[in-house]
Amino acid sequence: MSVTPSLDEAERACAAYGHEPSRCGFDLSRDLVMAVREGKHVRPDLVLKYGQYLLKSHASRLGDGVWAMYEQVYMALLQYGRRRKKSDGANDLSDELRLAGEYCTILAARFPDSIRVRRLEAMMWEAKDEFELAMADYESILKEDPNNLFAVKRQVALLRSQGKTAEAAKKLVAHLEVVNSDTDGWLQLCNLYLQQQQYRRAAFCMEELILINPMAYIYHLRYGEILLSIGGVEKGGNADLVRTARKYFAHSLDLKPANNLRALYGVLICCAAAPKGAKSKNEVEELGRWAQKRLLEEYGAAKASTMLEAVKAVSDELLA
Amino acid sequence: LGARCRRAAGQGTMADGVPVELEGDAYSLMFLHACKHPTKAVNGLLLGTAAADGVNVTNVLPLFHSSFALSPMLEAALMLADEHCKSSGKLQLVGYYQANELSDDCDLGPFGKKIAQKIRAQCAQAAVLLLDGSRMRPTADDLRLLSLDADGKQTRAPVAVRGAGKVLSRLGDHLKCGTHQLLVDFDAHLDDAQKDWFNTSLLK
């Protein structure tokens, strides 16, 4: 199996043929759809365009990969397609939803009794705004397979789309008590808590994530941002929180020294917020100047001249 | 669903608010930002000039499509925006825009309110615009923008776009050919210093 190109590479290759799937042909189209799938990008527009072409014109060439393709295009149809036909009969399905229904039937015929296909059917209820029916379908999947990750996540997503953030969080917590290595779950829970301004709980989620994977620079970074948000630079600041945040930003830079702008800005802001006349004043100033120098280096390397000037002015002001 | 936001606001008295006029590119950039991230909340800053009789928005700085709850990067963005205004000589920070995650949500939310109040503190007439996502096809008479005060309540302030007809048709073309995928907000810029969050050449 050859290595799938990145999404950018695949898009560029297709651009050479005017973004027209039939001119790009089987290989480039398949590469693009696989790049979206493997990179976990959210590009239903691309999946629809190229995936539908592949299914219409090259289904046999896909071999066993055709089933996964049906699934991927099915989900893109639900995500990106219209709900109703323009002629607005309330029960008229749009072309996209009808096509999705066809694909689902094909999959159900090939994989009868499959929980994975049942999940797809439940997603169709969601697309039609039949939330109760969808919830019930997911419940029945969970009765058979209580830890089915997909079903739990769809339920959480359903609750979120109805604006029931607190309930969604509760469900996610229950799930994470059983499967506490689910990093995506912890990240989602963190975001839910942030939405509800429950910063301490959000911080706890990041702590769990750091325990699961201490080498992920992005977890330390996010943790620093949360601490700094609590520490509230404007509210007169909580010096301890600011100092701890600074340490996490610095550690994030240890883990990822290049192209880590957020951590550099974070360090800068923490240094600026450190109380004047602190014992470690020189240390703080040194760190601040270092962060400034690194930022200017990054922008210099990126040849971003407008930003270079702006960042110099802003960081000078912060460190004054 | 679309009427819901307006009906809710109709109950009780609405403040008058200061009229807001947007340049075509500014309005387009806001919408392209929202269209690039259809499943997320997005926000950004409005730049231009403000006076007692009206606000004129000439530029837009798209900020985030990730959690609005975190303050450090927002602080950085506001300082950089300020600096950009200073060096331009004629631009001011004159407002804030937001598009919510759920299409029928017309609430500015706690974070939006904080940002709006901050901007109002520097510019009393600052415009606060919420993109009404319940139906995404704007027309010249209905630009899908709600004008709010800093507490998130709707105002009667008229919002207009210069040359709306032409702007809207160009916007449609941009969306068809995927221009919105090329838009860069501050979030994206923080992941790659080469990406230009001023979007200077996006709409050319």
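Scroll up a little and you will see the structure.
Calculation rules
- Residues numbered from 1 in each chain as written.
- Chains lettered and ligands numbered in written order.
- Predicted model: local features only at pLDDT ≥ 70, side-chain atom pairs only at ≥ 80, totals over all residues.
- Heavy atoms only, no water.
- Phe/Tyr/Trp six-rings, centres within 6.5 Å; stacked < 30°, edge-to-face > 60°.
- Helix = DSSP H or I, 4+ residues; strand = E, 2+ residues; numbered from the N terminus.
- Buried < 20%, exposed > 50% of the residue type's maximum accessible area, 1.4 Å probe, protein only.
- Contact = heavy atoms within 4.5 Å.
- Salt bridge = Lys/Arg side-chain N within 4 Å of Asp/Glu carboxyl O.
- Polar contact = N/O pair within 3.5 Å; in protein donor to acceptor, adjacent residues only side chain to side chain.
- Nonpolar A, V, L, I, M, F, W, Y, C, P; charged D, E, K, R; others polar.
- Pairing = 2+ DSSP bridges.
- Axes fitted to C-alpha atoms, helices over the stretch in contact; angles between N-to-C directions.
- Right-handed = clockwise from strand over helix to strand, strands pointing away.

**Side note on the packing of aromatic side chains**
If you walk through the whole model with that rule in mind, you get 10 aromatic pairs over all chains. With a centroid separation of 5.7 Å and an interplanar angle of 85°, the aromatic rings of Trp67 of chain A and Phe111 of chain A are classed as edge-to-face. Taken together, the residues Trp67 of chain A in helix α4 (residues 65-80) and Phe111 of chain A in the loop between α5 (95-110) and α6 (115-127) connect sequence positions 44 residues apart. Take Phe111 of chain A: its relative accessible area is 32%, and that puts it in the partly exposed class. Between the aromatic rings of Tyr27 of chain B and Phe31 of chain B, the centroid separation amounts to 5.0 Å while the plane-to-plane angle is 45°, which identifies the pairing as tilted.

**Some words on the interface of chain A and chain B**
Each partner contributes to the interface: chain A provides 34 residues, whereas chain B provides 28 residues. Our count for the contact surface shared by chain A and chain B stands at 4 salt bridges. Where Arg160 of chain A meets Glu101 of chain B, a salt bridge forms, and the shortest distance between an N and an O atom there is 3.4 Å. Joining chain A to chain B, the criterion identifies 7 residue pairs in polar contact (both at pLDDT 80 or more). Breaking the side of chain A that touches chain B down by element, the ones donating at least two residues are α8 (149-161), α10 (183-195), α12 (217-231), α14 (261-273), α15 (281-301) and α16 (305-319) of chain A. Broken down by element, the side of chain A that touches chain B gets its largest block of residues, 7 residues, from α16 of chain A. For the side of chain A that touches chain B, a count of residues per class yields 16 nonpolar, 9 polar and 9 charged.

**Structural notes on the sheet that holds strand β2 (residues 42-51) of chain B**
All names here are of chain B. Read across the sheet, 7 strands follow the order β6-β5-β4-β2-β3-β1-β7 without closing on themselves; strand pairing throughout is mixed. Each of the sheet's edge strands pairs with one partner strand only, and the pair in question is β6 (145-148) and β7 (159-161). The mean angle between the axes of side-by-side strands here comes to 35°, regardless of whether they run parallel or antiparallel. Relative to the sheet, helix α2 (residues 24-36) contacts β1 (20-22), β2, β3 (54-64), β4 (92-99), β5 (127-131), β6 and β7, its axis offset from that of β3 by approximately 30°.

**Structural notes on the pattern of salt bridges**
All names here are of chain A. Using the criterion set out here, one finds 27 salt bridges over all chains in the structure. Notably, a salt bridge pairs Lys293 with Glu297, separated by 3.3 Å at the nearest N-O pair. Within this pair, Lys293 and its partner Glu297 are both found in helix α15, separated by 4 residues, close to a single helical turn. A relative accessible area of 39% means that Glu297 is categorised as partly exposed.

**So, the pairing of β5 of chain B**
Residues and elements named next belong to chain B. Across the 5 residues of β5, 5 count as buried, placing the element largely inside the fold. Neither face of β5 is open: one carries Ala127, Leu129 and Leu131, the other Val128 and Leu130, and all of them are buried. Relative to β5, β4 runs parallel, the two sharing 5 bridges. Considered in β5, the bridge of Gly95 is made with Ala127. Regarding the hand of the β-α-β motif, the stretch spanning β4, helix α4 (residues 109-122) and β5 is right-handed. Looking at chain direction, β5 and β6 are connected through 4 bridges and run antiparallel. Bridging from a neighbouring strand, Val128 pairs with Leu148 of β6.

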